[in-house]
Amino acid sequence: MPMATPMILDCDPGHDDALAILLAASHPAIDLLAITTVAGNQTMEKCTINARRICSAAGITDVPIAKGAAEPLLGTLHIGEYVHGVSGLDGPEWGEPTVGVSSESAVELIVRLLREHPEPITLVPVGPLTNIALVLKSHPELKPKIREIVLMGGSTERGNDTPYAEFNIKVDPEAADIVFRSGVQVTMVGLNVTHQALAVPEVLERLSGLGTRMGDLCVELLTFFSASYLRTWGFTSPPLHDAVAVARVIDPTLVECIPVPVVIETMGRFTSGATCVDLHHLTGEPDNALVAMKLDAPRFWDLMIEAVSTYE
Ligand code: RIB
Ligand code: CA
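So, how was this worked out
Residues numbered from 1 in each chain as written. Chains lettered and ligands numbered in written order. Predicted model: local features only at pLDDT ≥ 70, side-chain atom pairs only at ≥ 80, totals over all residues. Heavy atoms only, no water. Pairing = 2+ DSSP bridges. Helix = DSSP H or I, 4+ residues; strand = E, 2+ residues; numbered from the N terminus. Contact = heavy atoms within 4.5 Å. Axes fitted to C-alpha atoms, helices over the stretch in contact; angles between N-to-C directions. Donors = N, O, S within 2.8 Å, 3.2 Å for Na, K, Ca; no water. Buried < 20%, exposed > 50% of the residue type's maximum accessible area, 1.4 Å probe, protein only. Near = heavy atom within 4 Å. Polar contact = N/O pair within 3.5 Å; in protein donor to acceptor, adjacent residues only side chain to side chain. Areas by Shrake-Rupley, 256 points an atom, 1.4 Å probe, with all protein chains shown as cover. Nonpolar A, V, L, I, M, F, W, Y, C, P; charged D, E, K, R; others polar.

(A) Just the sheet that holds strand β2 (residues 30–37), in detail. Spatially, the eight strands line up as an open sheet ordered β3-β2-β1-β4-β5-β6-β10-β7, and their pairing is mixed. Each end of this open sheet is capped by a strand with a single partner; those strands are β3 (65–66) and β7 (255–260). Sheet analysis places strand β1 (residues 5–11) next to strand β4 (residues 121–125), joined by four bridges and oriented parallel. Paired with aspartate 10 across the strands is proline 125, a residue of β4. Its contacts with the sheet put helix α2 (residues 44–58) on β2 and β3, and the angle it makes with β2 is roughly 145 degrees.

(B) Summary view of the coordination of the calcium ion (ligand 2). Distances from the calcium ion (ligand 2) to its protein donors, namely Asp12 (OD), Asp17 (OD), Asp17 (OD), Val126 (O) and Asp242 (OD), fall within the range 2.3 to 2.7 Å. Donor residues for the calcium ion (ligand 2), ordered by position in the chain, follow D-x4-D-x108-V-x115-D. A residue pair is termed long-range when its members are at least 10 positions apart, and aspartate 17 in helix α1 (residues 15–26) and aspartate 242 in helix α11 (residues 241–250) qualify at 225 residues. Comparing aspartate 17 with aspartate 242, the two get one shared label, buried.

(C) Main features of the site of ligand 1. Taken together, the neighbourhood of ligand 1 is formed by 13 residues, with Asp16, Val126, Asn160, Glu166 and Asp242 sitting nearest. Between aspartate 16 and ligand 1, the recorded distance is 2.7 Å, taken from a side-chain N or O atom to an oxygen atom. For ligand 1, an oxygen atom lies 2.6 Å from a polar atom in the side chain of glutamate 166. Burial of ligand 1 by the surrounding chains reaches 97%, relative to a free accessible area of 280 Å². Among the elements of the structure, α1, α6 (167–171) and α11 are those that each provide at least two residues to the shell around ligand 1. By residue class, the composition of the shell around ligand 1 is four nonpolar, four polar and five charged.

(D) Representation of helix α7 (residues 173–180) within the structure. With six of eight residues buried, α7 is to be regarded as a mostly interior element. Buried within α7 are the following residues: Pro173, Ala175, Ala176, Asp177, Val179 and Phe180. Looking at the buried side of α7, the elements it contacts are α5 (130–138), β5 (146–152), α6, β6 (186–189), β8 (262–264) and β10 (289–295).

(E) Fine view of the side chain of serine 155. Relative to the helices and strands, serine 155 resides in the loop between β5 and α6. For serine 155, a relative accessible area of 5% puts it in the buried group. A distance of 2.9 Å separates the side chain of serine 155 from the backbone nitrogen of glutamate 157, its partner in a polar contact. Among the polar contacts listed, one links the side chain of serine 155 to the backbone oxygen of arginine 158, at a separation of 3.1 Å. For serine 155, the contacting residues outside a window of four places in its chain are Met188, Gly190, Leu191, Asn192, Thr275 and Val277.

Printed below as a string of structure tokens:
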């Protein structure tokens, strides 16, 4: 068994973030060092409570949770309440979380771990990139300690929050620009691939068939998420975006990627937040990212459901 990959999950729970946490915390190929939160699907405070809620429900008690940015680098915060609900994790009835929050901020915790950990760390941001951009700008000397950044965001095609911008990038385009220009190895897992990870009724049946509290909790989460996706985008089943980025870290063969130039639109009146992916190398720009193009969906869902089955 190869050594586990040291990893930090930066997230905005969020229904798909919640299942990404379950996958990252349970798989032996990942050494989950920390969970950090960022404003996106809901306010940072609500996303932090939600990270504590899912960790409490799952019994994930050994992974520090640290609060991150409450707003984007520039501009005003725009949240995804229309998808994830008022709490940011609507659907289940949640008790009071028993898992606490770190006294360090997200940036302080990420910086400390990058400094102290003996090996380079994989950063997996699955919300707006504000925290990651702050780390890169405030401590560029730590870039060699970042193994790679595997992010859920962007798209080689159209957007979801606006016609041309995916939500995570749209919330903080300047942060995304900093990340993609950083020189750190970036893998972009965008909507063009995460829309191949649809939680179809068969997936919900398999989760329900586990006969566990966690299996049932995931069904509740995905049922709410499904209604949001049907109402907003006409999807009959919701895409489990964030877990695909984690799956790429666990088993890169699950997600086929190609090296291409990617630049972030930060000035567009109608296109701000667009990821301009030069698939045919028309611009002559250098490749600065690996971009995910294809998911092995059946193996992805086997991995996801196996992960949920490890919880009670
Ligand atoms: O566009 C999908 C992304 O936005 C996912 O990370 C989802 O959790 C929301 O943050
Ligand atoms: Ca997210």
